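Below are the chains, spelled out letter by letter.
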Amino acid sequence: MRCHDVKQVLSHQRDADAPNAADQVALQAHLRACPDCHVFEQRQRGIEALLRISQQTAQPPVTRSSSTSGRASTSSIMQAVEQRRQISQQLEVIHEQQRTRVARLRKGGTAFAAITFFTLGSIPLLVLAITLVQTDLMVHLLLVLSNVVDVLYVLGQYVQTGLTIMTRNTFLLAGAGFVVVLMMAMWLRLMRPPQEA
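Let me begin by describing the structure that accompanies this report.

Thresholds, definitions, all that
- Residues numbered from 1 in each chain as written.
- Predicted model: local features only at pLDDT ≥ 70, side-chain atom pairs only at ≥ 80, totals over all residues.
- Heavy atoms only, no water.
- Patch = residues over 30% accessible without salt bridge, like charges linked within 9 Å, V, L, I, M, F, W, Y side chains within 5 Å.
- Areas by Shrake-Rupley, 256 points an atom, 1.4 Å probe, with all protein chains shown as cover.
- Salt bridge = Lys/Arg side-chain N within 4 Å of Asp/Glu carboxyl O.
- Helix = DSSP H or I, 4+ residues; strand = E, 2+ residues; numbered from the N terminus.
- Buried < 20%, exposed > 50% of the residue type's maximum accessible area, 1.4 Å probe, protein only.
- Contact = heavy atoms within 4.5 Å.
- Axes fitted to C-alpha atoms, helices over the stretch in contact; angles between N-to-C directions.
- Parallel < 35°, antiparallel > 145°, perpendicular 65-115°, else oblique.
- Nonpolar A, V, L, I, M, F, W, Y, C, P; charged D, E, K, R; others polar.

This brings us to a nonpolar patch on the surface. Taken together, the side chains of Val144, Val148, Val151, Leu152, Tyr153, Val154, Leu155 and Tyr158 define a hydrophobic patch exposed on the protein surface, amounting to about 830 Å² of accessible area. With respect to the helices and strands, the residue valine 144 is situated in helix α5 (residues 135–168).

Here's what the structure looks like:
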């Protein structure tokens, strides 16, 4: 059996014309030996499955006569094509929204980077100017900063002790993990876009 004959037999099978036993044996032997025809048969089965699903979900139900029980109706094919077109349009809208968001981020990102670079670059100059003009103010500022560093050091010690206790106790660690997962789930729920009615 040649590839052309196999494709014809498969098409006839789709139209509910069952081949005879000899053709069926030759068909199966060819499908095992020829990868191209095997792929063609798999595609045919996928299309038939999609058409069966679309026929089952079609509203109102399609009435079929006994002679066309194996064939897909034109309305179900058109409905499947329409569903695919709608999905393609929705994907295109989502892609367009992503492109506009990226374009906005690029414009705003460049300005933000320039402002950040300018601000961070001017901080050392500002500190130098304050040191030269107001020396006693700078001394007080350094004393306050040293107190802040001491407080942060003590807080770091407490956090380190707490983390050590938590990692040694599996119940505390599991509870902390549960709280983190719960907070992430709440955050994801809040960040979900509203559903249109």
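Further notes follow.
Next up on the list: the side chain of histidine 30. Its place among the elements puts histidine 30 in helix α2 (residues 21–33). Histidine 30 gets classed as buried once you look at its relative accessible area, which sits at 15%. Excluding residues that lie within four positions of it along the chain, histidine 30 makes contacts with Met1, Arg2, Cys3, Val6 and Cys37.

A few words now on the pattern of salt bridges. Overall, the coordinates contain four salt bridges when judged by the stated rule. Across the pair arginine 45 and glutamate 41 runs a salt bridge, and its minimum N-O distance is 2.6 Å. With arginine 45 and glutamate 41 both in helix α3 (residues 35–57) and four residues apart, the pair spans about one turn of that helix. Glutamate 41 gets classed as buried once you look at its relative accessible area, which sits at 7%. Residue glutamate 96 pairs with arginine 99 through a salt bridge whose shortest N-O separation is 3.1 Å. Of this pair, glutamate 96 and arginine 99 both sit in helix α4 (residues 74–133), three residues apart, which is roughly one turn of the helix. Judged by its relative accessible area of 42%, arginine 99 is partly exposed. Connected via shared salt-bridge partners are Glu92, Glu96 and Arg99.

Running from N to C, α5 and helix α6 (residues 170–191) cross one another at 105°; their axes reach a closest spacing of 5 Å. Taken as axis vectors, α5 and α6 run roughly perpendicular relative to one another. Contacts from Ile165, Met166 and Arg168 of α5 reach α6 at Thr170, Leu172, Leu173 and Ala176. Partitioning the contact of α5 with α6 into residue classes produces five nonpolar, one polar and one charged.

Before going further, it helps to spend a moment on the packing of α4 against α5. Their axes nearest at 5 Å, the elements α4 and α5 cross at an angle of 120°. Overall, the two elements α4 and α5 adopt an arrangement that is oblique. Across the interface between the two elements, Val127, Ile130, Thr131, Leu132 and Val133 of α4 pack against Thr135, Leu137 and Met138 of α5. Here the contact of α4 with α5 is built from residues that sort into six nonpolar, two polar and no charged.

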